[in-house]
Amino acid sequence: MTPQMKVLRRGCCSVCSNHIPPACIQTHTYTYTRVLPLVCLMLDPPHSPQLLNCLTPEETAQCRHGLYFQDGERRVDYVLTYQVKKPSSSRARRHSSRFTDNALTRSLRRTRPQARSAKPDPEPGPQETSADHHEDDKRFRREEFEGNLREMGLELEKDEDGKTPGVGFVKIHAPWNVLCREAEFMKLKMPTRKVYEVKQSSSVMEKINTFISKVTDPLHPNVEENRIENVKHLSHPFSREKQHLLRSEMAVTYLTLFQLLYEEWASYSVFYKYQPVGLIRKYFGEKIGLYFAWLGVYTQMLIPASLVGVFVFLYGCVTVDDDIPSMEICDSRRNITMCPLCDRVCSYWTLNSACGTARASHLFDNPATVFFSIFMALWAAFFMEHWKRRQMRLNYEWDLTGFEEEEDYGLFYEAVNVVLYFVSTPGVGVRGGGVMNCHINVAVECCFQIGVTFAIVFGVILYRISTKAALHMSSNPTTRSNVRLTVKTTAAIINLVVILILDEVYGAVARWLTALEVPKTDKSFEERLIFKTFILKFVNAFTPIIYIAFFRGRLVGRPGSYLYVFESYRMEECAHGGCLMELCIQLSITMLGKQLIQNNLFEIGIPKLKKLIRYIKSKRSAFQEEEREKKLQRYETDFFLEPFAGLTPEYMEMIIQFGFVTLFVASFPLAPLFALLNNIIEIRLDAKKFVAELRRPVAARAKDIGIWYNILRGVAKIAVIVNAFVISFTSDFIPRLVYQYMFSPDGSMHGFVNHTLSYFNVSHFQNGTAPLEPEILGFSVDICRYKDYREPPWSPTPYEVSKQFWAVLAARLAFVIVFQNVVMLMSDVVDWIIPDIPKDISVQIHKEKILMMDLFMKEEQGKLQVLDNLTVDGEKENSSAHSPQLRPRAVSHTQSNSF
């Protein structure tokens, strides 16, 4: 948070510490917009910020008076906006008496309106009187707020005669002494005059890094920060007493920063270049700079994962003709009759009709997917370690070492507690059993929302079952031959639409649930909101995929004893090639749909649509034709921009994508490639949005990405377990190994398909479930086959699970245990080997501490020497009465006007 925002926040807190009405809860939601450090706070009452937009130099010259006070010298740093409503005559007569009410009386009057004893005005009606009271209260709170800002040292100038009807503006200027005071309170580190040389190591790694930097030089943006310098300025927390030690050179202007960001970052023509993270940090602050730095590292790390995923996919394409189980399924000479897929309307079918599904499944279900799962687990570990090192390097470069975030009490917490103080009954505290009941209610509500997701997934299951039965009754042979593909695709699209809708609903529900808990600090509020939003959206996105991966086809039963839902819907089965292909379809449609629709179209389309609607409403309401011809002020133009909603949506979409990339990567090796392509567009899309479509956000300080790192680590750990179960239970990798090494007569995969099929006597069908057309294949069927490990009907224990089933189950469980422990052990080894802090950074930090101590010691010695000289000069004056009077020269302190 900048020094200006610190002043505004304290001014607002000083108002609300006296009386916090319920309307003041949303008062403190600060939101910047764009280019110059000008904030527009929605003052209705108090405020919500907006930064002014930057135009071309010609337009800047034309509306210079919009960026400065009327004197043309004091620059506008922030702008407060509020609704303007002309007072009526009755309100004007009551204006002076109402402002004499104290804060407590006004709060009690708002919370308990029936206790008012003021005499009614005979002229206005009750609704007008209530509106007048409300307007007067808002005007009084605005004036009190502005008075507190002036007490903090800020300079204000009002503008209620703008071209935006119904909106007034208060321009704020922060003088230099106020900025110095706030910078000292915040302990901002500033570069000093002391410069030291950064020696380059002559090691092999340093030479390799130099070579790589030269090769990748065309990929760097054309900005000054990318030039490698051999010197660095020492940094020290700002102090007004030590301003003479700080650098006095002028910093780059915000207009220059905006132009550089627009040309070298927010343009699709530079999609192949690195991001100017340093400029992003200077313009938007450390918190947003860290987000884009993390997004850049994540996108960069997706390149090797995408290459390996493409290699695994190509391996499946090359070896599909050599896959023996697929060849056996596609062999038309093997006339294997399969049992019906549904009751009555479905008939018998031959196994070779599933040839296409079996060959497609091999593209994703082959031995290379096991290697890819292990690789992605190690990739996640390398990515986390690489980001920690990159984050530490940025902390050093941005002078954030030693920075600790302040745990301030949240304004929302203070507002709710003051309101509860007035409305609570005697003897009941704010933190008593009510808080425990609140947490219980939040947990129950979260469980209810998760239950809604499960219910919707169950509804999609019923849709699949009923649609499959209906399509099998069709007289069109093309429709009947494509039943599986039709049902899979349409169900996946329905799931995608439901996920997109529930994502918006769960975002609002998570905020409401967090507000019920009344967290004490802003950081606690943000972390709880993020955690609830992540849980709800994670369950919403992955519940359909988890069902297909681990439950579909396992709760079916067997022919003659199927499992039914509501006594009429038979649970669906997987194709003969397994559920992995259906899992791949669901995963690809959900991932690509969320990225294309939610992450890209919504991010650009919705802000533009809201901006257009807001502008049209303004023009239709009161704009005159001649006023439309006139040019709006800079802050009036930015008033129509969309407010910044925080980084939570940006992080959330990337974390969900990280889940798609790591959790079920064994079933979809191309997920990293699609994520990489999306992120290349996403970076420039977000850049365009931040620079041109949104109000400039608050420049908040942060040294890490916060709770998001812990969520990433959790997802990476869960991904190891999920991929172990996908390989073991969803794919045919383990059954093939068991057959090859335990049951195959020659140690090959010949006979594997026949080994996985059990026998069923069609005379054992339950009444009313036999096919209506039993001779559709041209001959009478006595025995049909189904995929399971069960005893044949002629055995002493017909249809019971066989010993092969237990052997495969034991091998699957053993694989899960071994895979999980080995991969997690390897991840921990990677975490242990790679240090969190780069060696050169730790050496430079230690060196800077020593140099800073030397600098202060020399300064103290200089002060002592000057003091000694002054003392000697004074003694000479006293000893020589005839000597001319000496006037000691004071030590000059250079004051820098930019930091």
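Conventions adopted
- Residues numbered from 1 in each chain as written.
- Predicted model: local features only at pLDDT ≥ 70, side-chain atom pairs only at ≥ 80, totals over all residues.
- Heavy atoms only, no water.
- UniProt positions renumbered as here; feature names shortened; annotations may be inferred.
- Axes fitted to C-alpha atoms, helices over the stretch in contact; angles between N-to-C directions.
- Helix = DSSP H or I, 4+ residues; strand = E, 2+ residues; numbered from the N terminus.
- Left-handed = near helix turned anticlockwise from the far one by under 90°.
- Contact = heavy atoms within 4.5 Å.
- Nonpolar A, V, L, I, M, F, W, Y, C, P; charged D, E, K, R; others polar.
- Expected span 1.5 Å × (residues − 1).
- Polar contact = N/O pair within 3.5 Å; in protein donor to acceptor, adjacent residues only side chain to side chain.
- Phe/Tyr/Trp six-rings, centres within 6.5 Å; stacked < 30°, edge-to-face > 60°.
- Buried < 20%, exposed > 50% of the residue type's maximum accessible area, 1.4 Å probe, protein only.
- Lys NZ or Arg CZ within 6 Å of the ring centre and 35° of its normal.
- Pairing = 2+ DSSP bridges.
- Salt bridge = Lys/Arg side-chain N within 4 Å of Asp/Glu carboxyl O.
- Disulfide = S-S within 2.5 Å.
- 1 Å grid on protein atoms, 1.4 Å probe; cavity = no way out; pocket = protein on both sides within 12 Å on 5 of 7 lines; lining within 4 Å.
- Points joined across faces, edges and corners; volume = space filled by probe spheres on them.
- Patch = residues over 30% accessible without salt bridge, like charges linked within 9 Å, V, L, I, M, F, W, Y side chains within 5 Å.
- Areas by Shrake-Rupley, 256 points an atom, 1.4 Å probe, with all protein chains shown as cover.
- pLDDT = per-residue confidence, 0-100.
- Bend = angle between axes of the 7 residues up to and from the residue.
- Lys, Arg positive; Asp, Glu negative; His and termini not counted.
- Charge placed at Lys NZ, Arg CZ, Asp CG, Glu CD.
- Parallel < 35°, antiparallel > 145°, perpendicular 65-115°, else oblique.

Looking at an unreviewed UniProt entry, one finds the protein named Anoctamin, with Pygocentrus nattereri as its source organism. According to its UniProt record, the protein has this under Sequence similarities (unreviewed entry): "Belongs to the anoctamin family."

Participant: Explanation requested: the packing of helix 20 (residues 522-550) against helix 24 (residues 648-662) in the structure shown.
Facilitator: The description of two helices packed together rests on the angle between their axes and the distance between the axes. Where helix 20 meets helix 24, the axes come as close as 11 Å, and the angle between the chain directions of the two elements is 35°. Our pair here, helix 20 against helix 24, has a crossing hand that is right-handed. In this structure, helix 20 contributes Ile530, Thr533, Phe534, Lys537, Phe538, Ala541, Phe542 and Ile545 to the contact, and helix 24 contributes Thr648, Met652, Ile655, Ile656, Gly659 and Phe660. Of the residues belonging to the contact of helix 20 with helix 24, the class tally is 10 nonpolar, 3 polar and 1 charged.

Participant: I would appreciate a short explanation of helix 15 (residues 367-397) in the present structure.
Facilitator: In an α-helix, one turn spans 3.6 residues; hence positions three or four apart end up facing the same way. Along its 31 residues, helix 15 runs 45 Å from first to last C-alpha, staying within 8% of the 45 Å computed at 1.5 Å per residue. Capping of helix 15 at its N-terminal end is provided by asparagine 366; its side-chain oxygen lies 3.0 Å from the backbone amide nitrogen of alanine 368. Of the residues trailing helix 15, aspartate 399 is marked for its positive phi of about 60°.

Participant: Help me understand the packing of aromatic side chains in this model?
Facilitator: Two aromatic rings are characterised by how far apart their centres lie and by the angle between their planes. According to the stated counting rule, one finds 37 aromatic pairs in the structure shown. Judged by centre distance (6.4 Å) and plane angle (55°), the ring pair of tryptophan 294 and phenylalanine 383 falls under tilted. One end of the pair, tryptophan 294, is in helix 12 (residues 286-319); the other, phenylalanine 383, is in helix 15, and 89 residues separate them in sequence. Considered together, tryptophan 294 and phenylalanine 383 belong to a single accessibility category, that of buried residues. A cation over an aromatic ring shows up here: arginine 696 above the ring of tyrosine 283, its NZ or CZ 4.1 Å from the ring centre. For arginine 785, the ring lying beneath its charged end belongs to tyrosine 759, and the centroid distance is 3.8 Å.

Participant: How should I be thinking about the pairing of strand 4 (residues 167-173) in this particular structure?
Facilitator: Side-chain direction in a regular strand flips from residue to residue, so the side chains alternate between the two faces of the sheet. Most of strand 4 is tucked away: 7 of the 7 residues are buried. Here strand 4 shows no split at all, with Val167, Phe169, Lys171 and His173 on one side and Gly168, Val170 and Ile172 on the other all buried. Note: strand 2 (residues 78-83) against strand 4, 6 bridges, orientation antiparallel. Residue pairing in the sheet places leucine 80 in a bridge with valine 170 of strand 4. Where strand 3 (residues 155-159) lies against strand 4, 5 bridges are found, and the strand directions are antiparallel. Residue glutamate 155 lies in a different strand from strand 4, and its bridge partner there is histidine 173.

Participant: Explain the pattern of salt bridges to me, please; I cannot follow it from the model alone.
Facilitator: Oppositely charged side chains are able to pair whenever their charged atoms sit close together. In the structure shown here, the tally under the stated rule is 23 salt bridges. The residue arginine 281 makes a salt bridge to glutamate 286 at a minimum N-O spacing of 3.2 Å. A salt bridge links glutamate 582 to arginine 552; the nearest nitrogen and oxygen atoms lie 1.6 Å apart. Taken together, the residues span a long stretch of sequence, with glutamate 582 in helix 21 (residues 580-622) and arginine 552 in the loop between helix 20 and strand 9 (557-558) at a distance of 30 residues. As far as burial versus exposure is concerned, glutamate 582 and arginine 552 are alike and both buried. Overlapping salt bridges bring together Glu385, Lys388, Arg713, Asp831 and Asp836 as one network.

Participant: Help me understand the environment of isoleucine 456, please; the structure alone is not making it clear to me.
Facilitator: Its location among the elements puts isoleucine 456 in helix 17 (residues 433-472). In this structure isoleucine 456 comes out as partly exposed when scored by relative accessible area, which is 27%. Those residues in contact with isoleucine 456 that sit more than four places away from it in its chain are Val498 and Leu502.

Participant: Looking at this model, I keep getting lost on the state of the cysteines. Mind explaining?
Facilitator: Chemically, a disulfide is nothing more than a covalent bond linking the sulfur atoms of two cysteines. In this structure the tally under the stated criterion is 3 disulfides. Each sulfur in the disulfide pair cysteine 330 and cysteine 355 lies 1.9 Å from the other. Across the S-S bond linking cysteine 330 and cysteine 355, the dihedral sits near 95°, which makes this disulfide right-handed. With cysteine 330 in helix 13 (residues 324-330) and cysteine 355 in helix 14 (residues 355-364), the pair connects residues that are 25 residues apart, well separated along the chain. The exposure class of cysteine 355 is buried, given its relative accessible area of 19%. The disulfide partner of cysteine 339 is cysteine 784, and the S-S distance across this bridge is 1.9 Å. Classification of the bridge connecting cysteine 339 and cysteine 784 rests on its S-S torsion, roughly 85°, and on that basis the disulfide is right-handed.

Participant: It is not clear to me how empty space enclosed by the protein should be interpreted in this structure. Could you clarify?
Facilitator: A probe matching the size of a water molecule, rolled over the atoms, marks out where space remains unfilled. In the structure shown here, the tally under the stated rule is 9 cavities of 30 Å³ or more. Roughly 170 Å³ of internal volume is contained in the largest cavity. In this structure, the largest cavity is lined by 13 residues; those nearest its centre are Ala380, Ala381, Ala716, Lys717 and Ser827. Residue assignment for the lining of the largest cavity shows that the elements contributing at least two residues are helix 15, helix 26 (707-730) and helix 29 (803-833).

Participant: Just to check I follow, could you spell out a nonpolar patch on the surface for this structure?
Facilitator: A contiguous nonpolar patch, built from Ile208, Phe211, Ile212 and Val215 and spanning about 390 Å² of accessible area, is present on the exposed surface. Along the chain, phenylalanine 211 turns up in helix 9 (residues 204-215).

Participant: Explain the confidence of the model for the protein here, please?
Facilitator: On average, residues of the protein score 75 in pLDDT, and 75% of them reach the 70 mark or higher. Within the protein, the element-level pLDDT minimum falls on strand 1 (residues 40-42), averaging 34, and the maximum on helix 12, averaging 92. Below pLDDT 50 for its whole length, residues 9-63 participates in 204 contacts with residues either more than four positions away or in separate chains. Note on residues 412-433: pLDDT is under 50 here. Beyond four places in sequence and across chains, it has 27 contacts.

Participant: Please clarify how unusual backbone geometry should be interpreted in this entry.
Facilitator: At lysine 187, a residue that is not glycine, the phi angle is positive and equals roughly 60°. Within the secondary structure, lysine 187 sits in the loop between helix 8 (176-186) and strand 5 (189-197). Although it is not a glycine, aspartate 399 sits at a positive phi angle of roughly 60°. Checked against the element boundaries, aspartate 399 lands in the loop between helix 15 and helix 16 (411-423). For aspartate 399, a relative accessible area of 15% gives the class buried.

Participant: Is there a simple way to think about helix 12 in this case?
Facilitator: A rise of 1.5 Å per residue sets the reference length of helix 12, with its 34 residues, at 50 Å; its end C-alpha atoms lie 50 Å apart and thus fit the reference within 8%. The largest bend along helix 12 reaches roughly 30° and is located at isoleucine 303, with the proline proline 304 sitting one to four residues downstream.

Participant: What's the story with the side chain of serine 731 in this structure? I'm lost.
Facilitator: Mapping serine 731 onto the fold places it in the loop between helix 26 and helix 27 (733-743). We classify serine 731 as buried; its relative accessible area is 6%. Only 3.4 Å separates the side chain of serine 731 from the backbone nitrogen of phenylalanine 733, close enough to count as a polar contact. Ignoring anything within four residues of it in the chain, the contact list for serine 731 reads Asp365, Leu580, Val726 and Arg812.

Participant: Where do I start with the side chain of asparagine 395 in this structure?
Facilitator: By the secondary structure assignment, asparagine 395 is in helix 15. The exposure class of asparagine 395 is buried, given its relative accessible area of 5%. In this structure the side chain of asparagine 395 is engaged in a polar contact, spanning 3.1 Å, whose partner is the backbone oxygen of lysine 703. If sequence neighbours within four positions are ignored, asparagine 395 has contacts with Leu400, Thr401 and Lys703.

Participant: Could you clarify how one ought to interpret a negative patch on the surface in this entry?
Facilitator: Among the surface-exposed residues, Glu404, Glu405, Glu527 and Asp704 lie close enough to one another that they form a single negatively charged patch. Considering the arrangement of structural elements, one finds glutamate 404 in the loop between helix 15 and helix 16.

Participant: What is the right way to look at the packing of helix 12 against helix 24 in this model?
Facilitator: As a packed pair, helix 12 and helix 24 sit with axes 12 Å apart at the nearest point and diverge in direction by 20°. As far as their axial angle goes, helix 24 and helix 12 are roughly parallel. Between helix 12 and helix 24 the crossing geometry is left-handed. From helix 12, Leu290, Tyr291, Trp294, Leu295, Tyr298 and Leu302 reach across to helix 24, where they touch Glu650, Tyr651, Met654, Ile655, Gln657, Phe658 and Val661. Among the residues forming the contact of helix 12 with helix 24, the class breakdown is 11 nonpolar, 1 polar and 1 charged.

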